[in-house]
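# Understanding the architecture of this molecule
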Amino acid sequence: MNTHLLNIALIVEDIHLPAWQVHMLRQLNAQSYINIKLVLLVDKPRQWIFDKAKFNFFRRIRYFESKLLETTHPADEKINISSLFDGGFVKLNSELAKDKYFSETINLVINLSTEAKLPEFLVKSTSYGVWNYFYNSHLERSVNWAGLQEFNLNREGIVSGVLVESTYFKSARYLWVSYSSKQCLLSKTHDNLLWKMAEFIPILCQQASNFSNGKKFIQDRHLKNLIDKIIYIDSTCYCSLITENFLALTIGFLAAHLKRLAVKLTLHKQWVLLKSEASSPVEAFADHHQSKILYKPQQGFAADPFLVEEQGEQYLFFEEYVEATGRGRLVCAKLTDLEKNIQPQVVLEKDYHLSYPFVFKNEDTWYLVPESAENRTVDLYRCTHFPERWEFVKTLLNDVDAYDATLYPYAGRWWIFVNLRPHFSTSPNELLYLFSADNLLAEDWLPHPANPIINHADKARPAGALFESEGVIYRPSQNCAGSYGRGLNLNAIIEWNEHSYKEKTVAVCIPNGKSSLTGMHSLSSSDSTIISDGIYTRKRWQKA
C-alpha cells in the first residue's frame, strides 16, 4: 500500500501547550510521512469571568488530589513547543499566513485551539480537512471540560474524539468517537482522558496516509464511527443549567468523595470464584451473577478463572492474589477438589505480578499466556507436566504495557486480542489491539490496520477465551465504565479479516449489587459448567 505525504498546519493559542498535546506532536514528528510545515497562532478567546473562576477552582482541586491522594502525570503541564519546529510561528490573521499556507502545499490542518471560526481558505483548500478535538458528548472544544461534568455529576464515562470540517460535507464528520471511564478521582479522570486522546490523531494520520483522496478517508472514518456516534453522543441528554452550574458541580464533587470514603469505611470487597450450569455460556448470559460461590480464599482474592479438561477431569486455573507480597500468582486445582475447599497448587510465580492465566491446547500440547504487564511482556509457556510444571518458550510481544492477552486460531492464522496502555496515567481497560501471525511460534506478530479495534471502556478489555456457538464466534469482554470489572459483555464477531474487525454486543451481565456482587470480569466454560468471578461485597461488621 502506498503511503501519501501529509503536510500539516497546526493552529495553537500559545507556544506553550499541555503535555499530552506535546506528546502527540512528538509522535507525529517521528513519522516519515508527516511534515508539520506551518504553525499558526490564533488569539486566545475571551473567557467569561465566572467560567475562568470555575475552571481555576477545579484545576486546583485536581492538583491537591494528585498530591494528597493518588499521583498521576498531569496532562495539563505546560511545555514550550518552540524546539519542535524549525519554521517559527505565524499569526493566523496575517497576510503571511495565507501565503505560507499555499506555498507549503498544506493538505491537513490540526486545530488545537478553541477557535471555531477559521479563515475560509483553511477549510476550502485542505484535502484532509480541519481536525478538531472534542471533550464531551456535547462536543465542547475547551480542554477545561475534560472529565469535569462526568466525574462531578456521577456519569459512568466520558465521550471524546475528533471532528473534521471539510468542503465535502455541509456539517462536520466524526473521525474518532471514544468512550472513557470515570476514575475514582477527578484528577485521574481528567488525566486518563487526555493521555488517551493523545493517541487519536497519530493513529488517524497513519490511516489517512493510506488514502490518496481526503474525501474517501473522511467517508470511511465517519461510517466506521456512525454507530458509536448514535450510542454515545446522540443518546445523551444535556442541560446546561445543571451540567455547567458551578454549585451543582461542586456539590457533585463533594458527594463523590463522601461516597468513596463511606464505601471504603463500611464495605469489604473480595474477588471470588462463581459456578453455574448451562448448556452454553450464551444461555441466560445476563443471569450469570446468580451463580453460586465456588471458592472464596481466606485472605487476598481469587479471579480470572480458566476452566479446561484433561483426561476426563476438569481443572481450574486462576489468579491468586497474595496480600503479603502485593502480587498475583497463578494456581490450579481440580474442580472437584476446589468444591471441597482443598487448596489449589501454585503453578507459576514470579517477582512481578501475574494474572489472567490464558490456558489453551494446540497440537496436543498445553500452553499458557499469563498477564505480565509489570514485566512489559506477553510471554508464552509450555506445559511439561500437567498441570503444575511450565517452561518458558518465548516472548510474543515485548516492551508493551499489555493486559489480558487472549489467543485464537482463525482463518489460517493465530491472533492475539490484548489491551495496551499507551501511558502510565491512562487506564489499561480502554484500548483493545489485535495482532496476528502465521503460526503460534512466529517471530513477528503483525498489528491489525484497524488498531485499536475497540476504544471504549465499556467493552474493550478481554474477559476470557473466545468460543464458537452455533456458527458464531463470541468474544467475552469486560464493562469497565465507571469502575474496573463492573460487569461482562458477550460480543458476537460479525466481521474479521486482515483488514477489518467488527463485533456486536448481544448480551450483558452487570450485577449492580445483586446476589451481594458489585462486579464481574471473567468467564470460562467447559461442557455445561460455567465458571466466572465476581466482587463479593459485605458490610465490614458482618461475618465473612
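For the structure itself, look to the data block above.
Residues numbered from 1 in each chain as written. Predicted model: local features only at pLDDT ≥ 70, side-chain atom pairs only at ≥ 80, totals over all residues. Heavy atoms only, no water.

## What to know about the sheet that holds strand S17 (residues 365-371)
Pairing is antiparallel in the open sheet, where four strands are placed in the order S16-S17-S18-S19. Sheet topology places strand S16 (355-362) and strand S19 (389-398) at the edges, where each strand pairs with a single neighbour. Neighbour to neighbour, the strand axes of the sheet diverge by 25° on average, direction disregarded. (Pairing = 2+ DSSP bridges. Helix = DSSP H or I, 4+ residues; strand = E, 2+ residues; numbered from the N terminus. Axes fitted to C-alpha atoms, helices over the stretch in contact; angles between N-to-C directions.)

## Brief notes about the sheet that holds strand S11 (residues 292-295)
Pairing is antiparallel across the open sheet formed by four strands, whose spatial order is S11-S10-S29-S28. Two strands lie at the open edges of the sheet, namely S11 and strand S28 (523-526), each paired on one side alone. Along the sheet, successive strands turn relative to each other by an average axial angle of 45°, direction set aside. Bridging between strand S10 (residues 267-277) and strand S29 (residues 529-539) involves eleven bridges; their strand directions are antiparallel. Within S29, the residue paired with Lys269 across the bridge is Thr537.

## Some details on helix H6 (residues 186-197)
In this model, H6 (twelve residues) spans 17 Å end to end at C-alpha, consistent with the 16 Å of a helix rising 1.5 Å per residue. For H6, a buried count of twelve out of twelve residues is recorded, marking the element as mostly surrounded by other parts of the structure. Taken residue by residue, H6 has Leu186, Ser187, Lys188, Thr189, His190, Asp191, Asn192, Leu193, Leu194, Trp195, Lys196 and Met197 as its buried positions. (Expected span 1.5 Å × (residues − 1). Buried < 20%, exposed > 50% of the residue type's maximum accessible area, 1.4 Å probe, protein only.)

## Description of the side chain of Arg173
With respect to the secondary-structure elements, Arg173 resides in strand S9 (residues 173-181). Asp234 provides the closest opposite charge to the buried, salt-bridge-free Arg173, at an N-O distance of 11 Å. Within the structure, the side chain of Arg173 is placed 3.0 Å from the side chain of Ser171, a separation counted as a polar contact. Once residues lying within four places of it in the same chain are set aside, the contact partners of Arg173 are Val162, Leu163, Val164, Ile218 and His222. (Lys, Arg positive; Asp, Glu negative; His and termini not counted. Salt bridge = Lys/Arg side-chain N within 4 Å of Asp/Glu carboxyl O. Polar contact = N/O pair within 3.5 Å; in protein donor to acceptor, adjacent residues only side chain to side chain. Contact = heavy atoms within 4.5 Å.)

## Describing the pairing of strand S8 (residues 157-165)
Taking burial as the measure, the nine residues of S8 include eight buried ones, the bulk of the element. Pairing between strand S7 (residues 130-134) and S8: five bridges, direction antiparallel. In the sheet register, Trp131 faces S8, and the bridge partner there is Val164.

## Things to note about the packing of aromatic side chains
The full count for this structure, using the stated rule, is 40 aromatic pairs. Ring centres of Trp48 and Phe50 lie 5.0 Å apart, and the angle between their planes is 70°; on these two criteria the pair is classed as edge-to-face. Pair check on accessibility: Trp48 and Phe50 agree, each one exposed. When the ring of Phe102 is compared with that of Phe121, the centres are 6.0 Å apart and the planes differ by 40°; the resulting orientation is tilted. Of this pair, Phe102 sits in helix H3 (residues 95-103) while Phe121 sits in helix H4 (residues 120-124), placing them 19 residues apart in sequence. (Phe/Tyr/Trp six-rings, centres within 6.5 Å; stacked < 30°, edge-to-face > 60°.)

## Remarks on the packing of helix H2 (residues 49-68) against helix H10 (residues 246-266)
Direction vectors running N to C along H2 and H10 enclose 15°, while the axes themselves pass 11 Å from each other. Considered as vectors, H2 and H10 are oriented roughly parallel to each other. Of the two possible hands of crossing, H2 and H10 adopt the one that is left-handed. In contact with Lys54, Phe57, Phe58, Ile61 and Glu65 of H2, H10 contributes Phe246, Leu249, Thr250, Phe253 and His257. (Parallel < 35°, antiparallel > 145°, perpendicular 65-115°, else oblique. Left-handed = near helix turned anticlockwise from the far one by under 90°.)

## What to know about the pairing of strand S3 (residues 34-41)
Of all eight residues making up S3, six are buried, and the element is well covered by its neighbours. Sheet analysis places strand S1 (residues 6-12) next to S3, joined by seven bridges and oriented parallel. Residue Val12 lies in a different strand from S3, and its bridge partner there is Leu41. Bridge analysis of S3 against strand S5 (residues 90-91) gives two bridges, and the strand direction is parallel. Each residue of the ladder has a partner; that of Leu40, found in S5, is Val90.

By themselves, these figures tell us nothing about what the structure is for.
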